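# Coordinates in review
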Amino acid sequence: MKKERIMLVDDVEVNRVVLKGILESEYDIVEAASGTEALDVLMSESAAPAIVLLDIVMPVVDGYEVLKYMKSQVHTVGIPVIMISAEDSFVHESKALSLGAVDFIPIPFNPDVVKIRISNHLRLKNHSETVENMVERKTVQLTNTREKVLETLTNIIEYRDIESGLHVKRTGSLMEILLKHVRRNKKYGFDITQYDQDLFLKSVPLHDIGKIAIPDCILQKPARLTPEEYETIKTHAPIGSDIIRLLLQDDHDGYLSFCYDVCRSHHERWDGTGYPDGLSGKDIPVPARFMSIVDVYDALVFSRRYKPSFSHEKAVEIISEGMSGQFDPMLVMAFLEVEGEFEEMMKGEEKKLM
């Protein structure tokens, strides 16, 4: 069985010799004769110890500086640090614990106390890591389960209405084109990370999930809808967001928050005349603003039961005209710079349908 590694940091060699004599039969020992040397070892993630025994009073870089560094770095913040000192233990112990040390051992050392304290802290560390791993696995399982539930609901829409299912797939491809372009160009004013982009793309297939509650006689009607039927169709936005809201665990669930915004607000308009909430301008969530453009483009260039398709050129013209009323003007500008890629994607989809 591989021994756990303990790092001894002390500029007084005799202290390191004593501690090594107490511990080397049970642990793999790494020594550092100064704070500077300790930092060099700690900066090498491959040599990370399971626990550190750290002297406080050392020249150039003292133990407090080493401790502060460890608690500021992702790869060392979780390593328990036991401070050691021959100085006034009351003053140093209080400061060391306040900076994140887990314990304090005075010099001269009591071998039994040293062994017991190290053993206890390693056991606590290992238990904590086990619990954290279990929580992480459960969180991943829960996230996967929720995503499967939403994916199943999306598939149900496709089974009921193939037209809507194809629309969902195409809008995902269009969204990826627009997102990548906006991420590359900061001039549009959107700070979108890779994490945000992934959430955007995962939320796209759910934008019409509320249509699961729309009657077939309306959803599959081969003619234009009456005003009353159109009002029924409009309810898919709040219904979809209500479905997502029921799955939201807390305000920090980024994925479902994106889904909620896309479901509820992708029919809002920049000028405030959209639905369901009449939001305007920057009050419209960013994911919904992106979704609005790709949703409308796809609806224009692909035929529906109640309307023929428009040409790509006509769709670009219509979206350009919506710069002042329907869409975020900055996103229209971005769309106009990638409309050629939209056209290529559209042509590829048309070939699949032949």
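Note that the structure is a prediction, hence the values are computed from the model and not measured.

Another point: the overall build of the protein chain. Looking only at helices and strands, the protein chain has 14 helices and five strands in total. In the protein chain, buried positions account for 44% of the 354 residues. Contacts spanning at least 24 positions in sequence make up 63% of the contacts within the protein chain whose residues lie at least 6 apart. With the model as given, the accessible surface of the protein chain reaches about 18,100 Å², and the carbon-plus-sulfur share is 55%.

Let us now look at empty space enclosed by the protein. Under the definition given, this model contains one cavity of 30 Å³ or more. Size it by volume and the largest cavity reaches roughly 60 Å³. Around the largest cavity sit Ser265, Glu268, Arg269, Trp270, Ile284, Ala288, Arg289, Ser292, Gln326, Phe327 and Asp328, which together line it. Take the lining of the largest cavity: its biggest share by element is three residues, from helix H12 (residues 286-301).

By size, the foremost hydrophobic cluster in this structure holds 43 residues, and its most contacted members are Met175, Leu178, Val182, Phe290, Tyr297 and Phe342. When residues of this core are traced back to their parent elements, those giving at least two are helix H6 (162-184), helix H7 (194-203), helix H11 (254-265), H12, helix H13 (312-321) and helix H14 (329-353). Core analysis: the next-biggest nonpolar cluster, separate from the first, contains 23 residues, Met7, Val66, Tyr69 and Met70 among them.

Reading the values: rules and limits
- Residues numbered from 1 in each chain as written.
- Predicted model: local features only at pLDDT ≥ 70, side-chain atom pairs only at ≥ 80, totals over all residues.
- Heavy atoms only, no water.
- Helix = DSSP H or I, 4+ residues; strand = E, 2+ residues; numbered from the N terminus.
- Buried < 20%, exposed > 50% of the residue type's maximum accessible area, 1.4 Å probe, protein only.
- Contact = heavy atoms within 4.5 Å.
- Areas by Shrake-Rupley, 256 points an atom, 1.4 Å probe, with all protein chains shown as cover.
- 1 Å grid on protein atoms, 1.4 Å probe; cavity = no way out; pocket = protein on both sides within 12 Å on 5 of 7 lines; lining within 4 Å.
- Points joined across faces, edges and corners; volume = space filled by probe spheres on them.
- Core = buried A, V, L, I, M, F, W, Y, C linked by side-chain atoms within 4.5 Å.

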